[in-house]
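What follows is each chain in one-letter form.
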Amino acid sequence: MTDLGYFAHETAVIDTHCTIGKDTKIWHFSHIMTQCTIGEKCNIGQNVVVSPQVVLGNNVKVQNNVSIYTGVTCEDDVFLGPSMVFTNVINPRSAINRRGEYATTVVKKGASIGANATIVCGNDIGEYAFIGAGAVVTKTVPAYALVVGNPARQIGWVGEYGHKLRFGGNNKAVCQESGQTYLLKNNTVKRIT
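As a starting point, this report considers the structure included with it. Note that the structure is predicted; figures quoted are calculated from it, not measured.

Comments concerning the state of the cysteines
Moving on, step 1. Scanning all chains against the criterion turns up zero disulfides.
Moving on, step 2. No disulfide involves Cys121; its nearest neighbouring cysteine sulfur is the one of Cys74, lying 14 Å away.
Moving on, step 3. Assessed through its relative accessible area of 4%, Cys121 is described here as buried.

Laid out in C-alpha cells, this is it:
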C-alpha cells in the first residue's frame, strides 16, 4: 500500500484528479484515466482501462483485460469477468466525433458479468443479476435475472449468492447456500428473508 492507502503496480498509469479508495489494488499495465472514482477494497486486474469519469463503488472486482468506458457506473460488490466490455456510443464512426453522445449504463449492487460479455450502452443491469459468459446485453436486465446468449435472453433467476433459484407453487424459492428466501411476483424477484 502507498501512503495514499491503495496499491498500484509500478506499470499502472494513474492520471491526475482520480479518487481511489483505501485498500484498492491496481495491477500490471492498467490505466486509470482522469476524474475516475474508484471505491474502497476494489481489485483492478491486469490490462484494465477505466475511462474518464467512470465511477466504481466499494469492493468492485475487475478481472484482466476489461474496458470500462465513460458513462459507466458500477455500484458496490459488482464483479466484471475477464475481457468483458462496455460500449458507450450506439452508432460509433471513426470519422464522426460523438464524445458528447455517450450513453450511460449502471450496473447495480452485487451484479456479476461473465467473461467476454458485452454490455451495449444504455442498458442497466439490475441488482444481483448474473450475465453469462459471452452474452451480448442489448436491453435492460432486471434485478436477480440470469441472462445468457447473443442477444442475451433471460433463462431464470439467481439469488444474492449466485445460485439459480427454483420457485415453487407459492412463488417462493430458498437459496441452497445462504438459506435466503425470495418471492417472485409480477415477473419481479425480491428477497424477503
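Side note on the sheet that holds strand β18 (residues 130-131)
Moving on, step 1. The strand order β1-β4-β7-β10-β13-β16-β18-β20-β21 describes an open sheet built from nine strands, whose pairing is mixed. Sheet topology places β1 (7-8) and β21 (153-157) at the edges, where each strand pairs with a single neighbour.

So, the side chain of Thr24
Moving on, step 1. Locating Thr24 in the fold gives a position in the loop between β3 (19-20) and β4 (25-26).
Moving on, step 2. Classification of Thr24 as buried rests on a relative accessible area of 0%.
Moving on, step 3. Within the structure, Thr24 has its side chain in polar contact with the backbone oxygen of Gly39 (distance 2.6 Å).

Regarding the sheet that holds strand β24 (residues 188-191)
Moving on, step 1. Pairing in this open sheet of three strands is antiparallel, and the strands run β22-β23-β24 from one edge to the other. Whereas interior strands pair on both sides, the edge strands pair on one side only; in this sheet they are β22 (172-174) and β24. Ignoring which end each strand starts from, the neighbouring axes of this sheet average 25 degrees apart.
Moving on, step 2. For β22 and strand β23 (residues 181-185), the ladder comprises three bridges, and the chain directions are antiparallel. Looking at β23, one finds that Lys172 is bridged to Leu183.

What to know about the environment of Thr138
Moving on, step 1. By the element assignment, Thr138 lies in the loop between β19 (136-137) and β20 (145-148).
Moving on, step 2. Given a relative accessible area of 43%, Thr138 falls into the partly exposed group.
Moving on, step 3. Sequence separation between Thr138 and Asn116 is 22 residues; the distance between their C-alpha atoms is 15 Å.

What to know about the pattern of salt bridges
Moving on, step 1. As enumerated under the stated definition, the model contains four salt bridges in all.
Moving on, step 2. A salt bridge links Glu101 to Arg98; its shortest N-O distance comes to 3.5 Å.
Moving on, step 3. The exposure class of Glu101 is partly exposed, given its relative accessible area of 47%.

Digging into the side chain of Asn123
Moving on, step 1. Relative to the helices and strands, Asn123 resides in the loop between β17 (118-119) and β18.
Moving on, step 2. A polar side-chain atom of Asn123 sits 3.5 Å from the main-chain carbonyl oxygen of Cys121.
Moving on, step 3. Every residue in contact with Asn123, bar those within four places of it in the chain, is listed here: Thr104, Thr105, Val137, Thr138, Lys139 and Thr140.

The rules behind each value
- Each chain has its residues counted from 1, following the order in which its sequence is written.
- The predicted nature of this model means local features are confined to residues of pLDDT at least 70 and side-chain atom pairs, given and counted, to a pLDDT of 80 or more, with totals for whole chains, interfaces and linings taken over all residues.
- The side-chain values count all of the structure's non-hydrogen atoms but skip hydrogen atoms and water molecules.
- Our working definition of a disulfide is a cysteine sulfur pair at a distance within 2.5 Å.
- Relative accessible area decides the class of each residue, using a 1.4 Å probe on protein chains only: under 20% of the type maximum gives buried, over 50% gives exposed, and in between gives partly exposed.
- Paired strands, as defined in this entry, are two strands with at least two bridges between them according to DSSP.
- Comment: elements are numbered from the N terminus, with helices defined as DSSP H or I runs of at least four residues and strands as E runs of at least two.
- By the criterion applied in these results, polar contacts are pairs of N or O atoms within 3.5 Å in which, for protein atoms, one can donate a hydrogen and the other can accept it, and in which residues neighboring in sequence qualify only through two side-chain atoms.
- Axis lines are fitted to C-alpha atoms, over the contacting stretch for helices. Their N-to-C directions set the angle, which ranges from 0 to 180 degrees.
- Salt bridge, as used here, is a side-chain nitrogen of Lys or Arg placed within 4 Å of a carboxyl oxygen of Asp or Glu.
- Should any heavy atoms of two residues lie within 4.5 Å, those residues are counted as being in contact.

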